[in-house]
Amino acid sequence: MSTRVRVGPVALPRTLLLRVGALLTVELALLGAYLALTGWQVLAPRYLLYPLLWVTVGVLAVARTAPVDAPRSSRLVAALLAAVYLSILLWADGSVSLRGTRMGFRLVWLPPGWGPAVLYGGESVSLALFPYRVVGYAALSYLLYATAATASRAALGGLVGLVSCVSCTLPVAAAFLSSVAGGATAVAAAATVWSYDLSTVVFLLAVALLYWRPLVGGRLRSLVTRR
């Protein structure tokens, strides 16, 4: 029996597909239980499924990344880079803010992936931590750490992850464009509607670039050699 299953042009390990299926089953069961107990009405199902996709892809990508085998100095530099990278992501999408609100600590029970959300407002720092963002950004940071520690050139692929907070940057870009071309309301509305869709696409692209870095690097080297 084959240990790989072909999904379109890609052959994936059977064990990977089983793990993905098991994890998604648990997540969907939790989501179903939450909706049944709270009586929420789902108007846009994709907004409930995207966080589950972030968590699933992030967890599996980290679990399948080989332990870093590199000199201690390389690992320290890579860890510093990953920490800065994670901080930028959390700050750029508003998860961490240096503006105080003095609202104190709150734990908000939202649908799985969105919640439980941790909200905190102090005198100088505010936090809005949603599980799917924390898990997703932590996964990107670890993949960047593994990439930077083992192959510094491939670490450039991690820069793609910086725009995975497009859910906050796209409305800003839309506001700028609308000030030039007019029609601010229409442009800003489109940005708000599609921001979570685009952020999910960019997150998946960033994970793919970091996880399959040896394959991408090999192809780039072969192209350079041919030239």
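A brief structural summary.

By the element assignment, Pro 51 lies in helix α2 (residues 46–63). Look at Pro 51 and you get buried, because its relative accessible area is 1%. C-alpha of Pro 51 to C-alpha of Phe 130: the two residues are 79 residues apart in sequence and 9.3 Å apart in space. The residues contacting Pro 51, other than those within four sequence positions of it, are Pro 112, Gly 113, Trp 114 and Tyr 132.

To continue, consider α2. Taking 1.5 Å per residue, 18 residues should reach 26 Å; α2 reaches 25 Å between its end C-alpha atoms and fits that length. Of all the residues in α2, the buried ones are Leu 48, Tyr 50, Pro 51, Leu 52, Trp 54, Val 55, Thr 56, Gly 58, Leu 60 and Ala 61.

Of the two faces of strand β5 (residues 117–121), only the one carrying Ala 117, Leu 119 and Gly 121 is buried; Val 118 and Tyr 120 on the other face are not. The sheet contact formed by strand β4 (residues 104–108) and β5 spans 5 bridges and is antiparallel. Following the sheet pairing, Arg 106 is matched in β5 by Leu 119. Two strands pair when backbone bridges link them, and β5 and strand β6 (residues 126–129) are joined in this way by 4 bridges, in the antiparallel orientation. Bridging from a neighbouring strand, Val 118 pairs with Leu 129 of β6.

With that out of the way, let us pick up the packing of aromatic side chains. Counting across every chain of the model gives 9 aromatic pairs. Consider the rings of Tyr 34 and Trp 40, whose centres lie 5.8 Å apart with planes at 70°: the pair is edge-to-face. Assessed through its relative accessible area of 15%, Tyr 34 is described here as buried. With relative accessibility at 42%, the residue Trp 40 sits in the partly exposed group. Judged by centre distance (5.9 Å) and plane angle (45°), the rings of Tyr 142 and Tyr 145 are tilted. Separated by 3 residues within a single helix, Tyr 142 and Tyr 145 lie in helix α4 (residues 131–150), roughly one turn from each other. For Tyr 142, a relative accessible area of 28% translates into the label partly exposed. An aromatic cluster is present here, built from Tyr 47, Trp 54, Trp 114, Phe 130, Tyr 132, Tyr 137, Tyr 196 and Phe 203 joined pairwise through their rings.

Here 4 strands make up an open sheet; going across it, the order is β3-β6-β5-β4 and the pairing antiparallel. The open sheet has two edge strands with one neighbour each: β3 (96–97) and β4.

As a further point, take a nonpolar patch on the surface. Taken together, the side chains of Phe 105, Leu 107, Trp 109 and Tyr 120 present a nonpolar region at the surface, about 480 Å² in accessible area. Tracing the backbone through its elements, the reader meets Tyr 120 in strand β5. Assessed through its relative accessible area of 34%, Tyr 120 is described here as partly exposed.

A few words now on the packing of α2 against α4. The N-to-C vectors of α2 and α4 enclose an angle of 30°; their axes lie 8 Å apart at closest approach. Our classification of the angle between α2 and α4 gives roughly parallel. With respect to the hand of their crossing, α2 and α4 are arranged in left-handed fashion. Contacts from Pro 51, Trp 54, Val 55, Gly 58, Val 59, Ala 61 and Val 62 in α2 reach Tyr 132, Arg 133, Val 135, Gly 136, Tyr 137, Ala 139, Tyr 142 and Leu 143 in α4. Looking at side-chain class alone, the contact of α2 with α4 contains 12 nonpolar, 2 polar and 1 charged residues.

Definitions and limits used
Residues numbered from 1 in each chain as written. Predicted model: local features only at pLDDT ≥ 70, side-chain atom pairs only at ≥ 80, totals over all residues. Heavy atoms only, no water. Helix = DSSP H or I, 4+ residues; strand = E, 2+ residues; numbered from the N terminus. Buried < 20%, exposed > 50% of the residue type's maximum accessible area, 1.4 Å probe, protein only. Contact = heavy atoms within 4.5 Å. Expected span 1.5 Å × (residues − 1). Pairing = 2+ DSSP bridges. Phe/Tyr/Trp six-rings, centres within 6.5 Å; stacked < 30°, edge-to-face > 60°. Patch = residues over 30% accessible without salt bridge, like charges linked within 9 Å, V, L, I, M, F, W, Y side chains within 5 Å. Areas by Shrake-Rupley, 256 points an atom, 1.4 Å probe, with all protein chains shown as cover. Salt bridge = Lys/Arg side-chain N within 4 Å of Asp/Glu carboxyl O. Axes fitted to C-alpha atoms, helices over the stretch in contact; angles between N-to-C directions. Parallel < 35°, antiparallel > 145°, perpendicular 65-115°, else oblique. Left-handed = near helix turned anticlockwise from the far one by under 90°. Nonpolar A, V, L, I, M, F, W, Y, C, P; charged D, E, K, R; others polar.

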